[in-house]
Amino acid sequence: MSKRCYYEVLGVERTVDEVTLKSAFRKKAMEHHPDRNQGDAQAEARFKEVNEAYSVLSDGNKRAAYDRFGHEGVNGGPGGMGGGFGGFGGGAQGFSNVEDIFSEMFGDIFGQQQRRPGGPQRGADVRFDYEITLEQAYKGAEVEITVPTTMTCESCHGSGAKAGTKPQTCATCAGHGRVRTSNGFFAVERACPACNGQGQTIKEPCSDCRGHGQVRKNRDLKVRIPAGVDDGARILLKGEGQAGAKGGPKGDLYIFLSVAEHDLFERDGLDLHCSIPAPMATAVLGGVLEVPCLMGGENCDGQCKLEVVIPEGAQTGHKVKLKGRGMPGLNSRAKGDLIVELFVETPKNLNARQKELMKEFAEISEAQSYAQSQGFMRRARRFWDDITGAAAQ
């Protein structure tokens, strides 16, 4: 079976420069890599073809021989350079095999640019959920929280080794933390099984942390809750997360706040809503009712009273807006409103005299005193008339 032109394999022109050639090889190699095409024999064959083409065209002498004599010029034919492609012969630019090509181009994939094993590692970030009251959200507060986290072991100072000893360089990977195994054409790199990729082994582990270099403890922290926070607000405490490994920096602590439901108030953004009962007599005659509100200050303790004027003839659902008596804006001077909604309370368990007065009131009441009832009855009569008329037809 005749071989395809190497330039055609990589999809480039014969005048291609080194940078474009390398870029084309990278794309083709990633496209046909066996790890991305598992079980595809054709992809494996194309992958080998791509590497063979690049190993020739990336070498100045071999490329010149190929341009002049074709495949025979680099495969031991007349005028060729010999060496063949058994293991890629002399290889491109001194590469001994395809593994070296990929190490040069994809070093980060094959472990050539891996983080140094056993080096400092930043600690993990920690999330902590904390519920506050509406009063705390209104005024702000300083609270103390207990956070479970990991801390550097004081006995071994984070090394994981028993006092007086220290970790040893892993004999299996020579401290690299990774080992490479070859299987014919391909080489696979993985974490060293002897040291779990750390590059070091501990012969005598610390008894307190059992070789981990860290211990789990609870930490007590004081946290300032700013005024105006709402559900989902997040507070970041730098360097208060889990301890880093091998002397690495600590992670961060993220505190996610939630505001508990209140017995009297319902929050809507910066506005507060409060429903209060209005005695029937007050709703009819008008008057003044006391309503609670949230206010700051030492003398107020978060709960204060405000007077709300109830107009004569107030109905259920009547709303009174108290400007600036809602929640404060977070890190701003904005203030929401307190919206008071009335519901008229009908008296129960009346005595004989009260019932007598109510009957007298009903007898002397005029129809115009009940505007809502009049409107409802007009709509009801039209509804009945429409039904009666439709039935007669």
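Residues numbered from 1 in each chain as written. Predicted model: local features only at pLDDT ≥ 70, side-chain atom pairs only at ≥ 80, totals over all residues. Heavy atoms only, no water.

A. Geometry of the sheet that holds strand 10 (residues 266–268). Strands sit in the order 10-11-15-14 across an open sheet of 4 strands; the sheet is mixed. This sheet does not close on itself; its edge strands, each paired only once, are strand 10 and strand 14 (319–322). Across the sheet, the axes of successive neighbouring strands diverge by a mean angle of 30°, strand direction being ignored. Bridge count between strand 11 (residues 271–279) and strand 15 (residues 338–345): 8 bridges; the pairing is parallel. (Pairing = 2+ DSSP bridges. Helix = DSSP H or I, 4+ residues; strand = E, 2+ residues; numbered from the N terminus. Axes fitted to C-alpha atoms, helices over the stretch in contact; angles between N-to-C directions.)

B. The arrangement of unusual backbone geometry in detail. The backbone of asparagine 196 shows a phi angle near 55°, a positive value even though the residue is not glycine. The residue asparagine 196 is located in the loop between strand 5 (186–191) and strand 6 (200–201) in this model. For arginine 210, which is not glycine, the phi dihedral falls at a positive 55°. Take arginine 210: it is sitting in the loop between strand 6 and strand 7 (214–225). With relative accessibility at 70%, the residue arginine 210 sits in the exposed group. (Buried < 20%, exposed > 50% of the residue type's maximum accessible area, 1.4 Å probe, protein only.)

C. Representation of the sheet that holds strand 9 (residues 253–259) in the model. Spatially, the 3 strands line up as an open sheet ordered 1-9-8, and their pairing is mixed. Only two strands of the sheet have a single neighbouring strand rather than two, namely strand 1 (126–132) and strand 8 (234–237). Shown here is a sheet whose adjacent strand axes are inclined to one another by a mean of 25°, direction ignored.

D. Representation of the pattern of salt bridges. Under the counting rule described, the total for this entry stands at 17 salt bridges. Lysine 323 is the partner of aspartate 337 in a salt bridge, and the nearest nitrogen-oxygen pair spans 3.7 Å. Pair noted here: aspartate 337 is in the loop between strand 14 and strand 15 and lysine 323 is in the loop between strand 14 and strand 15, with a separation of 14 residues, a long-range link. Note on lysine 323: relative accessible area 63%, which makes it exposed. Salt bridges sharing common partners tie together Arg122, Asp125, Lys238 and Asp252. (Salt bridge = Lys/Arg side-chain N within 4 Å of Asp/Glu carboxyl O.)

E. Highlighting a nonpolar patch on the surface. On the surface, Phe376, Met377, Phe383, Trp384 and Ile387 cluster together into a nonpolar patch covering about 540 Å² of accessible area. Structurally, phenylalanine 383 can be placed in helix 9 (residues 371–392). (Patch = residues over 30% accessible without salt bridge, like charges linked within 9 Å, V, L, I, M, F, W, Y side chains within 5 Å. Areas by Shrake-Rupley, 256 points an atom, 1.4 Å probe, with all protein chains shown as cover.)

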